[in-house]
Amino acid sequence: MLYMLRNFSLAGKLSVMIIVAMCIMAIFAPWIAKHPWNEPSGRALEAPNPHHILGTDDLGIDLWAQICYGARNSLIVGIGTAVLASLLGTLLGIVSGYFGGIPDLIITALIDIMIAIPSLPVMIVAGVFFGPSIKNIIIILALLSWAMPARIVRSKVLALREEAYIKIAKGYGANFSYITLKHFVRQLFPICATTFIKLISRAIVSEASLSFLGLGDPTSKSWGLILNFALNFPGIYFTDYWKWWVVYPLAFIICLVLATAVVSRELEKVVDSKISLS
């Protein structure tokens, strides 16, 4: 991983710094934000000032505190979805590519179906049906996101299983578990790492979309939920309130999504260069 970071461009290194800063902000939110995120700490709709550096919302709740605590939920959803989708997709992709035959036909058909299904309408229906909670959002997003890593892993395993050392290992009696842990995992790690970053970015945008539509967890705080409350405020764009109530959470979402996209692109370049050299 350090080798990959050393080969990043300046934009990639800055993006890594942004992601690390966001994670620090989420972890140390109680110490970074001096005001509570769920209780009024000032007058309603205060403009940014030394006491409330990003202003307050219509209830007088500090916006900086909401953004710090909202980073927790956004990152939890992003990382949780990426972990579940990557594990499921990688496992199914390895099984499909290694065994072939009927398992490959079934898994490939499932991948084609999941890719063809429009994600946002399904997320909206599932969010309404299962109820708004972080756990449900992570499960729904993971079930809708595993197809991409599965297809990529399957194509790589199809090539790997024809390598001489894999055939030799099978000839000596190596089983599926041994070949997977000893050979496939090491070869698939760079590709899975790139896909993992992409899934985080996609999950953060999806969670923000669901929260923006009012399908997020109302008992917690996320950046999409902040935007939902802001844009439902009557006449928000006819006042100056949008300059801090809308702009700041939107800016954090854009920065994090762009940073993960740039890191994913940098990882792709490093992985492609390693493959071409090998």
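The rules we used
- Residues numbered from 1 in each chain as written.
- Predicted model: local features only at pLDDT ≥ 70, side-chain atom pairs only at ≥ 80, totals over all residues.
- Heavy atoms only, no water.
- Axes fitted to C-alpha atoms, helices over the stretch in contact; angles between N-to-C directions.
- Helix = DSSP H or I, 4+ residues; strand = E, 2+ residues; numbered from the N terminus.
- Parallel < 35°, antiparallel > 145°, perpendicular 65-115°, else oblique.
- Left-handed = near helix turned anticlockwise from the far one by under 90°.
- Contact = heavy atoms within 4.5 Å.
- Nonpolar A, V, L, I, M, F, W, Y, C, P; charged D, E, K, R; others polar.
- Phe/Tyr/Trp six-rings, centres within 6.5 Å; stacked < 30°, edge-to-face > 60°.
- Expected span 1.5 Å × (residues − 1).
- Buried < 20%, exposed > 50% of the residue type's maximum accessible area, 1.4 Å probe, protein only.
- Arc of directions from axis to C-beta.
- Salt bridge = Lys/Arg side-chain N within 4 Å of Asp/Glu carboxyl O.
- Polar contact = N/O pair within 3.5 Å; in protein donor to acceptor, adjacent residues only side chain to side chain.
- Disulfide = S-S within 2.5 Å.

Undergrad: What am I meant to see in the packing of helix α5 (residues 101–116) against helix α8 (residues 147–160) here?
TA: A pair of packed helices is captured by two measures, namely the crossing angle of their axes and the spacing between those axes. Two numbers describe how α5 lies on α8: the axes approach to 9 Å, and their chain directions differ by 140 degrees. With respect to their mutual orientation, α5 and α8 come out oblique. The hand of the α5/α8 crossing is left-handed. On the side of α5, the interface is formed by D104, T108, I111, M114 and I115, while α8 contributes A147, A150, R151 and R154. When grouped by side-chain class, the residues that make up the contact of α5 with α8 number five nonpolar, one polar and three charged.

Undergrad: I keep staring at the packing of aromatic side chains and nothing clicks. Help me out?
TA: Each pair of aromatic rings is reported with the distance of its centres and the angle of its planes. With the rule as written, the count across this model stands at 12 aromatic pairs. Note on Y237 and W242: the rings are 6.5 Å apart at their centroids and 50 degrees apart in plane angle, and the pair reads as tilted.

Undergrad: Hey, could you run me through helix α6 (residues 119–130) in this one?
TA: Taking 1.5 Å of rise per residue, 12 residues should cover 16 Å, and α6 covers 16 Å from first to last C-alpha, within 8% of that figure. What α6 keeps buried is the set M123, A126 and G127. In a view along the axis of α6, the buried residues occupy a sector of 105 degrees, so they form one face of it. Facing away from the buried side of α6, by more than 90 degrees, are the exposed residues V125, V128 and F129. Buried residues along α6 sit against α7 (134–143) and α10 (176–212).

Undergrad: Where do I start with unusual backbone geometry in this structure?
TA: Excluding glycine, residues mostly have negative phi values, and the peptide bonds linking residues are mostly trans. Even without being glycine, L45 reaches a positive phi, approximately 55 degrees. Relative to the elements of secondary structure, L45 occurs in the loop between α3 (29–32) and α4 (63–99).

Undergrad: Teacher, can you tell me more about the pattern of salt bridges here?
TA: Note that side chains of opposite charge can pair when their charged atoms are close. A complete count under the given rule lists six salt bridges for this structure. Its salt-bridge partner being E268, residue K198 comes within 2.4 Å of it at the nearest N-O pair. Of this pair, K198 sits in helix α10 while E268 sits in helix α13 (residues 247–277), and the two are 70 residues apart along the sequence. The salt bridge partner of K243 is D240, with a shortest N-O separation of 3.5 Å. What makes K243 partly exposed here is its relative accessible area of 43%. Owing to a relative accessible area of 47%, D240 belongs among the partly exposed residues under this scheme. Salt bridges linked by common partners bring R161, E162 and K167 together as one network.

Undergrad: How should the side chain of E268 be read in this particular structure?
TA: For E268, the side chain forms a polar contact with the side chain of K198, separated by 2.4 Å. If we ignore the near neighbours within four places in the chain, the residues touching E268 are T194 and K198.

Undergrad: Is there a simple way to explain the state of the cysteines in this structure?
TA: Linking two cysteines covalently through their sulfur atoms gives a disulfide. By the definition in use, this model includes zero disulfides. Here C23 is not cross-linked by a disulfide; its sulfur's nearest cysteine counterpart is in C68, at 13 Å. Left unpaired, C255 is separated from the closest cysteine sulfur, that of C68, by 14 Å.

Undergrad: Just checking my understanding: could you explain the packing of α4 against α5 for this structure?
TA: Running from N to C, α4 and α5 point in directions that differ by 140 degrees, and their axes come no closer than 7 Å. The angle between the axes of α4 and α5 places the two elements in the oblique class. The crossing of α4 and α5 is left-handed. Across the interface between the two elements, L92, V95, S96 and F99 of α4 pack against G101, D104, I107 and T108 of α5.

Undergrad: What exactly am I supposed to notice about the side chain of S15 here?
TA: Along the chain, S15 turns up in helix α2 (residues 10–27). The exposure class assigned to S15 is buried, which follows from its relative accessible area of 7%. A polar atom in the side chain of S15 sits 2.8 Å from the backbone oxygen of A11. Beyond its immediate sequence surroundings of up to four residues, S15 is in contact with A259, V262 and V263.

These figures come from the coordinates and say nothing about function on their own.
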